[in-house]
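# Observations on the model geometry
Here is how the chains run, residue by residue.
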Amino acid sequence: MVKASVVCCLKLLLLLALGGLTMHVPDADVLAPLGLGALRLDGHLSYHDAASVARDFGNRCSMLPSAVLHPGSVSDVAAAVRRVFQLGERSPLTVAARGHGHSLLGQSQTAGGIVVKMESLGGSGGGAKMRVVRHAAAPYVDAPGGELWINVLHETLKHGLAPRSWTDYLHLTVGGTLSNAGVSGQAFRHGPQISNVNQLEIVTGRGDVVTCSPEENSDLFYGALGGLGQFGIITRARIALEPAPKMVRWIRVLYSDFASFTEDQEALISAEKTFDYIEGFVTINRTGILNNWRTSFKPQDPVQASHFQSDGRVLYCLEMTKNFNDDEADIMEQEVGALLSRLRYIQSTLFHTDVTYLEFLDRVHSSEVKLRAQGLWEVPHPWLNLLIPRSAIHKFASEVFGKILKDSNNGPILLYPVNRSKWDNRTSVVIPDEEIFYLVGFLSSAPSLSGHGSVQHAVNLNNKIVGFCDEAGLGMKQYLAPYTTQQQWKAHFGGARWETFERRKHMYDPLAILAPGQRIFPKGSLPMSL
């Protein structure tokens, strides 16, 4: 049976590679040798659409699965994983949960395995619906793991509520971001998304459906949060909510001095009364940046703004918001004015606009629509996301922005601080060991085949940046890390945290079935005695 299964997988891979979406193979002929023919499902397994899940947002890696599971229920996910577990370590099958496919280097893919289309479990896919509970002291929403955050926002806003912590882009699944961390400009106050979860439902690598929380099955709960999908597939999450504002004052200012920029950011995230969202980004060799802002923002002083020249300098943008309701506009104006008076930005670069809370949170989607229309969305994205300790951020900036990237700029560069105390150390996420650390994201796009706009050029720059961090001993950690060897992952986690991570893998996915695209535990690499 095992030999037949291996042969079938190899044949299927060859047929898919040669025939693409035109392949015609009867269900039974494929499912039976794979050991999946007896599964009773509310949804269905397919293989004609395997090519569509063998790609992701990174657009740099493609691994063709043997089959795609479109689950009609959580029971379907559990049944498929349980069957793969029963087939044993000699079976070639693995399982990858795929949300909206926003991974960067094949993390949601599996070569010759089964991809679970998690969006089928969301309300839009015909699966379980969201449930909002308006508890006076602690409201929450129960959301399917395959639901998009934008849909969670729409549903909770019907009740005047919203999650407290976000990612910059909302067209991602709940289970996908919670398997990493989920970080945006609210993280300094509320922590990442994984710090705002009350309960999870998880399908483990044995095919068990487990409900877990800080009080129940807590080891699995904390392990799965930021666990890169290694211990289970998140099929439901209970997310804390807060009253949602109607409006947002959205502000941008520029700095030419990095020290002033970072000191102001750190003062803002440490203050008791401050903005509701704080991020920053770096611009290199860009002219007319304020003219670009004018399409969405208005300058505080149009005359001064018209005379500002960026002259290709390295500039630092501080982006902030203040939430308010219509009857609080005057109070908001006073609070914003008081906060801005303490900052040392270039006075002529103060721009702002008022938008709805929904419009602000879904701001990246409007850019996506424009890029798709230009054919610039589905291109390779060799992104690099780093977490830099506060003590090293000036040394980092001097080398990276002053030297390595002095003549290059292939996309937005995020740079903003967060507070470690808002991150729960019991989760699987690895962060620098300082109270304040910076998220630095190099969000490159590579639309051309050669030169400055190519994948290779961006990757070379990324390698130079990482190499500098390692050689200088900055204590950097990568977020959404693209590591390809277990040795790299061991170094990433460090001794004690790796031991905990490995123990949890043995406990909850002993055959290393889940999330093979993370390249942490190849199937068959775990000692069966544990």
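Predicted model only: the values in this text are computed from it and were never measured.

### Re the overall build of the protein chain
Each helix and strand in the protein chain was counted, giving 17 helices and 19 strands. Relative to the compact-globule value of 24 Å for 530 residues, the protein chain shows a C-alpha radius of gyration of 24 Å, a close match. Within the protein chain, the fraction of its 530 residues that count as buried is 57%. A separation of at least 24 residues holds for 75% of the contacts in the protein chain among residues at least 6 apart in sequence. Summed over its atoms, the accessible surface of the protein chain is roughly 22,000 Å², and 51% of this surface lies on carbon and sulfur atoms.

### Things to note about the packing of aromatic side chains
If you walk through the whole model with that rule in mind, you get 25 aromatic pairs. Pairing Trp-250 with Phe-297 gives two aromatic rings, centres 4.9 Å apart and planes at 70°, and the pair type is edge-to-face. Here Trp-250, found in strand E11 (residues 247-255), pairs with Phe-297, found in the loop between helix H9 (289-293) and strand E13 (298-299); they are 47 residues apart in sequence, far enough to count as distant. There is no split in this pair, since Trp-250 and Phe-297 are both buried. Counting every residue linked through ring pairs, the aromatic cluster contains Phe-231, Tyr-483, Trp-489, Phe-493, Trp-498, Phe-501 and Phe-521. Here the guanidinium or amino end of Arg-363 rests over the ring plane of Phe-360, the centre of that ring lying 4.3 Å away.

### A word on the pattern of salt bridges
If the charged atoms of two oppositely charged side chains come close together, the side chains can form a pair. The tally for this structure, following the rule as stated, stands at 20 salt bridges. Measuring nitrogen to oxygen at the nearest pair gives 3.2 Å for the salt bridge that ties Asp-264 to Arg-344. Within this pair, whereas Asp-264 is found in helix H8 (residues 258-270), its partner Arg-344 is found in the loop between helix H11 (329-340) and strand E15 (351-356), the two being separated by 80 residues in sequence. The network of salt bridges with shared partners includes Arg-131, Asp-142, Arg-236 and Arg-238.

### Some details on the sheet that holds strand E4 (residues 114-117)
Taken in spatial order, the four strands line up as E1-E2-E4-E3 in an open sheet, and their pairing is mixed. Of all strands in the sheet, those bounded by a partner on one side alone are strand E1 (44-46) and strand E3 (95-98). With direction set aside, neighbouring strand axes in the sheet form an average angle of 25°. Where strand E2 (residues 67-70) and E4 come together, three bridges link them in parallel fashion.

### Some details on the confidence of the model for the protein chain
Per-residue confidence for the protein chain averages 91 on the pLDDT scale, and 91% of its residues sit at or above 70. Low pLDDT (under 50) marks residues 1-28, which in the prediction has 43 contacts with non-local residues, meaning those over four places away or in another chain.

### Description of unusual backbone geometry
Peptide bonds are, in most cases, trans, and in most cases residues other than glycine have a negative phi. The backbone of Leu-480 sits at a positive phi, close to 55°, despite the residue not being glycine. Residue position: Leu-480 is located in the loop between strand E19 (477-479) and helix H16 (486-493). Taking relative accessible area as the criterion, Leu-480 reaches 32% and is therefore assigned partly exposed. The phi dihedral of Ala-515 falls on the positive side, at around 50°, and the residue is not glycine.

### As for the pairing of strand E16 (residues 384-389)
Looking down a regular strand, the side chains alternate between one sheet face and the other. Among the six residues that make up E16, six are buried, leaving the element largely enclosed by the rest of the structure. Side chains Leu-384, Leu-386 and Ile-388 of E16 all project onto a buried face; the interleaved residues Asn-385, Leu-387 and Pro-389 project onto the opposite face, where all are buried too. The pairing of E16 with strand E18 (residues 436-442) spans six bridges and is classified as antiparallel. Considered in E18, the bridge of Asn-385 is made with Gly-441.

### Some thoughts on the packing of helix H14 (residues 393-404) against helix H15 (residues 455-472)
Interhelical geometry of H14 versus H15 gives an angle of 150° and a closest axis separation of 11 Å. Between H14 and H15, the interaxial angle falls into the category roughly antiparallel. Of the two possible hands of crossing, H14 and H15 adopt the one that is right-handed. For the pair H14 and H15, the contacting residues are Lys-395, Phe-396, Glu-399, Val-400 and Ile-404 in the first and Leu-461, Lys-464, Ile-465, Phe-468, Cys-469 and Ala-472 in the second. Residue classes in the contact of H14 with H15 are distributed as eight nonpolar, no polar and three charged.

### Observations regarding the environment of Ala-491
Following the sequence through the fold, Ala-491 ends up in helix H16. Residues Ala-491 and Ala-80, spaced 411 residues apart in sequence, show a C-alpha to C-alpha distance of 33 Å.

### A look at the packing of H8 against H14
Direction vectors running N to C along H8 and H14 enclose 140°, while the axes themselves pass 11 Å from each other. In this view, H8 runs oblique relative to H14, as classed from their interaxial angle. Here the hand of the crossing between H8 and H14 comes out right-handed. In contact with Phe-258, Ala-259 and Thr-262 of H8, H14 contributes Ile-393, His-394, Ala-397 and Phe-401. Of the residues contributing to the contact of H8 with H14, the split by class is five nonpolar, two polar and no charged.

### Brief notes about H15
For H15, with 18 residues, the first-to-last C-alpha span of 26 Å sits near the 26 Å given by 1.5 Å per residue. Taken residue by residue, H15 has His-457, Ala-458, Val-459, Leu-461, Asn-462, Ile-465, Val-466, Phe-468 and Cys-469 as its buried positions. Buried positions along H15 lie against E16, H14, E18 and E19.

### Concerning the side chain of Gln-186
Summarising the element assignment, Gln-186 is placed in the loop between helix H5 (174-178) and helix H6 (187-190). Taking the relative accessible area as the measure of exposure, Gln-186 reaches 7% and is therefore buried. Only 3.3 Å separates the side chain of Gln-186 from the backbone nitrogen of Trp-166, close enough to count as a polar contact. If near-sequence neighbours (up to four positions away) are discounted, Gln-186 is found in contact with Arg-164, Ser-165, Trp-166, Gly-191, Asp-276, Tyr-277 and Leu-361.

### Structural notes on the nonpolar core
Grouped together as the largest cluster of nonpolar side chains are 81 residues, with contacts concentrated most on Trp-149, Leu-178, Leu-200 and Trp-293. In terms of nonpolar packing, the next biggest core, distinct from the first, is built from 48 residues, Phe-188, Phe-275, Leu-405 and Leu-415 among them.

### A word on the sheet that holds E13
Within the open sheet, the nine strands sit side by side as E13-E15-E11-E14-E12-E17-E18-E16-E19. Their pairing is antiparallel. The strands lining the two open edges of the sheet, one partner per strand, are E13 and E19. The strands touched by H11 are E11 and strand E14 (315-324); relative to E14, the strand with the most contacts, the crossing angle is about 150°.

### A word on the pairing of strand E9 (residues 209-212)
Going residue by residue along E9, you find Val-210 and Cys-212 tucked away on one face and Val-209 and Thr-211 left uncovered on the opposite face. The hairpin turn running from strand E8 (residues 197-204) into E9, its antiparallel successor, is four residues long, and Gly-207 in that turn takes a positive phi close to 90°.

The rules behind each value
Residues numbered from 1 in each chain as written. Predicted model: local features only at pLDDT ≥ 70, side-chain atom pairs only at ≥ 80, totals over all residues. Heavy atoms only, no water. Helix = DSSP H or I, 4+ residues; strand = E, 2+ residues; numbered from the N terminus. Rg over C-alpha atoms; globule rule 2.2 N^0.38 Å. Buried < 20%, exposed > 50% of the residue type's maximum accessible area, 1.4 Å probe, protein only. Contact = heavy atoms within 4.5 Å. Areas by Shrake-Rupley, 256 points an atom, 1.4 Å probe, with all protein chains shown as cover. Phe/Tyr/Trp six-rings, centres within 6.5 Å; stacked < 30°, edge-to-face > 60°. Lys NZ or Arg CZ within 6 Å of the ring centre and 35° of its normal. Salt bridge = Lys/Arg side-chain N within 4 Å of Asp/Glu carboxyl O. Pairing = 2+ DSSP bridges. Axes fitted to C-alpha atoms, helices over the stretch in contact; angles between N-to-C directions. pLDDT = per-residue confidence, 0-100. Parallel < 35°, antiparallel > 145°, perpendicular 65-115°, else oblique. Left-handed = near helix turned anticlockwise from the far one by under 90°. Nonpolar A, V, L, I, M, F, W, Y, C, P; charged D, E, K, R; others polar. Expected span 1.5 Å × (residues − 1). Polar contact = N/O pair within 3.5 Å; in protein donor to acceptor, adjacent residues only side chain to side chain. Core = buried A, V, L, I, M, F, W, Y, C linked by side-chain atoms within 4.5 Å.

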